[in-house]
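For reference, the chains in residue letters:
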Amino acid sequence: MPQQHTDAVIIGAGMGGMCAAARLVAAGLKVTVLEKSPYLGGRCSHRDRDGFTVTTGAIMIPMGSDSTIRQAFDVVDVEMDMVETTGRMRYRLDHGDYDLPETGGGLLGMITFAMEGDDEAARELFGHFRQAIGVAAPDEQQTMRDWLDSHTKSHAVKGLFQGFCAALMGTNLHEIPAAEFFRFLRHSSHGSRFGLAARGNGSLMEALGAAVEQRGGEIQRRSAVRKILVQDGRAVGVEVHQSGGVSEVLKADYVLSNTGPRMTMALTGEEQLFDGPYRKQLEAAPHDAPIIHYSFVCDEPLMDDLDGSLVFGNTRNLIYLEIPSLISPGLAPPGQYLHTAYGAPSDAATSNLKEEAAHTLDELESNFPGMLERSRFLVKARHSGRSPGMHRWAGFMMPVKTPVANLLNIGDGATSPGTIGTEGAASSAKVAVEHILNQSNSTR
């Protein structure tokens, strides 16, 4: 079997894998990215459907200077082709819709709106939020639902933050540690900027991939890793099978896995090496975060003034709606309007995903009567199993370092505290690359 050698091999070209590749080639390392599909980006990609550019998952992508995504693009001099949507958030409750103000003060405004003008109660609850963000962080064992229960009886407030948690963090109030929720608020409150990829997520990631290759990195598509090679407790490379039926061994000083912590362990074939605290942590919270995804087309937009995102706090499963072609018209043919909606199971660990996907459609119809009749669906998907919305729940992430030396987790199963989604995946890449560079410098 042919053998080659590289400084670092990256399994998977999702956001974590591509950001790690960019940072490594910028540091002068030889890098090979192995991707089993023809596409870059994983859940941050797109597919062309009848002239429509349909996301594979990600919608809002961080783009500010403090974003680890933006920093990965910057180190290889790639401009992010984005349409900014910062602040264009609308929240729907039973009694109406609330638009975040462009001038700021959104959290207090959201709470006040949910409490239907009870300013005194809203300010009191807002004060508890400020304390939890700042000096009085909740206990790690307390869920966000428990925290809210201890501070308010308002069902509308709880519905508001249920929608917020499910849409932005991937799981429900009763599944998110309150401490992690407030870490996220703290992390996202410092001038964060978001946007929609103007020509689709896939174009964004292809631009990053081209820059990686221009700097000497190699990206092999349709290349499936069959095994992570381990010798004497150290990762030394991978066995890869390519589309033409050719298998080869790729030796590497470091292996970075964007496949999720559980799959990373399985690929080694030596799971006993993970026994102890790491295995206990992995199995204590083994749940991925499933997501329900619908993309559909209408001759008219469901909301002609929605130039950002609508988060639902009046539903059980439906959590999010965006009309991408209102933001970037090139994503759909003229006169057609592409919509993307997401749902989440009411319990990420045990729910019947098929039933809750059907209920998500029912809730779309109840919020927009007649939409099912006038819509043409391009995607009806339930992301779970090996390709979930996230490989781990927020607040239950695994570390980047594994018990196998030089084998590192990257991606949405090993995000940094207070980060989520694509930003979290990119943050894990930053941590992994910093570890590699520090270790390399210490051995010189």
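Shown above is the structure to which this text applies.
All values derive from a computational prediction rather than experimental measurement.

Caption draft 1: Structural view of the packing of aromatic side chains. If you walk through the whole model with that rule in mind, you get 18 aromatic pairs. Taken together through their ring pairs, the aromatic side chains of Tyr91, Phe129, Trp147, Phe161, Phe164, Phe181, Phe182 and Phe184 make up a single cluster. Directly above the aromatic system of Tyr39 lies the positively charged group of Arg47, at a separation of 3.6 Å from the ring centroid. For Lys380, the ring lying beneath its charged end belongs to Phe377, and the centroid distance is 4.8 Å.

Caption draft 2: A look at the sheet that holds strand β6 (residues 82–84). Here we have three strands laid out as an open sheet, ordered β5-β9-β6, and antiparallel in their pairing. Each end of this open sheet is capped by a strand with a single partner; those strands are β5 (61–62) and β6. Of the strand pairs in this sheet, β5 and strand β9 (residues 194–197) are connected by two bridges, and their pairing is antiparallel. From the neighbouring strand, Ile61 faces β9, where its bridge partner is Gly195.

Caption draft 3: Inspection of the environment of Ser309 at higher detail. Mapping Ser309 onto the fold places it in strand β15 (residues 309–312). Owing to a relative accessible area of 1%, Ser309 belongs among the buried residues under this scheme. A sequence separation of 86 residues divides Ser309 from Gly395, and the C-alpha atoms of the two residues are 24 Å apart. Excluding residues within four positions of it along the chain, Ser309 makes contact with Met60, Arg88, Met89, Arg90, Tyr320, Leu321 and Glu322.

Caption draft 4: Here's a closer look at the nonpolar core. Ranked by internal contacts, the top residues of the largest apolar core, which has 45 residues, are Ile10, Met18, Leu24 and Leu256. At the level of elements, β1 (3–11), α1 (15–26), β2 (31–35), α2 (68–75), α8 (201–214), β13 (247–257) and α14 (421–442) are the ones that each hand at least two residues to this core. With eight residues, the single largest contributor to this core is α1. Other than its neighbours up to four places away in sequence, Met18 contacts Ala13, Val33, Leu40, Met205, Leu208, Gly209, Val212 and Ile219.

Caption draft 5: Representation of the environment of Leu256 in the model. Of note, Leu256 is situated in strand β13. When its relative accessible area of 0% is taken as the criterion, Leu256 is described as buried. As a C-alpha pair, Leu256 and His383 span 127 residues in sequence and 23 Å in three-dimensional space. Setting aside anything within four residues of it in sequence, one finds Leu256 in contact with Ala8, Val9, Ile10, Ile11, Ala20, Leu24, Leu408, Ile410, Ala432 and Ile436.

Caption draft 6: Representation of the packing of helix α6 (residues 155–169) against helix α7 (residues 178–188) within the structure. Two numbers describe how α6 lies on α7: the axes approach to 12 Å, and their chain directions differ by 75°. Here α7 runs roughly perpendicular to α6, going by the angle between their axes. The residues of α7 that touch α6, namely those facing Phe161, Phe164, Cys165, Leu168 and Met169, are Glu180, Phe181, Phe184 and Leu185. A class-by-class count of the residues in the contact of α6 with α7 yields eight nonpolar, no polar and one charged.

Caption draft 7: Highlighting the pairing of strand β12 (residues 234–242). With eight bridges joining them, strand β11 (residues 223–231) and β12 adopt antiparallel strand pairing. Counted as the bridge partner of Val230 is Ala235 from β12. Between β11 and β12, which pair antiparallel in sequence order, lie two residues; one of them, Asp232, sits at a positive phi of approximately 55°. Relative to β13, β12 runs antiparallel, the two sharing five bridges. Across the sheet, His241 pairs through a bridge with Ser247, a residue of β13. Counting the residues between successive antiparallel strands, the hairpin from β12 to β13 contains four residues, one of them, Gly245, with a positive phi of roughly 90°.

Caption draft 8: Just the pairing of β13, in detail. Counting buried positions along β13 yields eight of 11 residues, so the element is predominantly enclosed. Judged from the three bridges that link them, β13 and strand β19 (residues 407–409) form a sheet pairing that is parallel. Bridge assignment links Leu256 to a residue of β19, and that residue is Leu408.

Caption draft 9: Representation of the side chain of Thr402 in the model. By the element assignment, Thr402 lies in the loop between β18 (376–383) and β19. Looking at Thr402, its side chain comes within polar contact range of the main-chain oxygen of Val404, at 3.1 Å. Here Leu407 takes part through its backbone oxygen, which lies 2.8 Å from a polar atom of the side chain of Thr402. When residues no more than four places from it in sequence are discounted, the contact partners of Thr402 are Phe274, Tyr278, Leu407, Leu408 and Asn409.

Caption draft 10: Molecular detail of the side chain of Asp288. On the secondary structure map, Asp288 appears in the loop between α10 (277–284) and β14 (291–298). Here Asp288 is buried and forms no salt bridge, its nearest opposite-charge partner Arg262 lying at an N-O distance of 8.6 Å. There is a polar contact of 3.4 Å between the side chain of Asp288 and the backbone nitrogen of Gly385. When residues no more than four places from it in sequence are discounted, the contact partners of Asp288 are Ala348, Ser384, Gly385, Pro388, Met390, His391, Arg392 and Trp393.

Caption draft 11: Expanded view of helix α4 (residues 119–133). Spanning 15 residues, α4 covers 21 Å between terminal C-alpha atoms, matching the ideal 21 Å at 1.5 Å per step. Listed in full, the buried residues belonging to α4 are Ala122, Leu125, Phe129 and Ala132. Relative to the axis of α4, the buried residues are bounded by an arc of 80° and lie together on one face. Within α4, the exposed residues directed more than 90 degrees away from the buried face are Glu120, Arg123, Glu124 and Arg130.

Caption draft 12: Main features of unusual backbone geometry. Although it is not a glycine, Asp232 adopts a positive phi angle of roughly 55°. Examined against the element boundaries, Asp232 turns out to sit in the loop between β11 and β12. Residue Asn406 is not a glycine yet carries a positive backbone phi of 70°. Tracing the backbone through its elements, the reader meets Asn406 in the loop between β18 and β19. Exposure remark for Asn406: the relative accessible area of 10% places this residue in the buried category.

The rules behind each value
Residues numbered from 1 in each chain as written. Predicted model: local features only at pLDDT ≥ 70, side-chain atom pairs only at ≥ 80, totals over all residues. Heavy atoms only, no water. Phe/Tyr/Trp six-rings, centres within 6.5 Å; stacked < 30°, edge-to-face > 60°. Lys NZ or Arg CZ within 6 Å of the ring centre and 35° of its normal. Pairing = 2+ DSSP bridges. Helix = DSSP H or I, 4+ residues; strand = E, 2+ residues; numbered from the N terminus. Buried < 20%, exposed > 50% of the residue type's maximum accessible area, 1.4 Å probe, protein only. Contact = heavy atoms within 4.5 Å. Core = buried A, V, L, I, M, F, W, Y, C linked by side-chain atoms within 4.5 Å. Axes fitted to C-alpha atoms, helices over the stretch in contact; angles between N-to-C directions. Parallel < 35°, antiparallel > 145°, perpendicular 65-115°, else oblique. Nonpolar A, V, L, I, M, F, W, Y, C, P; charged D, E, K, R; others polar. Polar contact = N/O pair within 3.5 Å; in protein donor to acceptor, adjacent residues only side chain to side chain. Lys, Arg positive; Asp, Glu negative; His and termini not counted. Salt bridge = Lys/Arg side-chain N within 4 Å of Asp/Glu carboxyl O. Expected span 1.5 Å × (residues − 1). Arc of directions from axis to C-beta.

Don't take any of this as a statement about function, it's just geometry.
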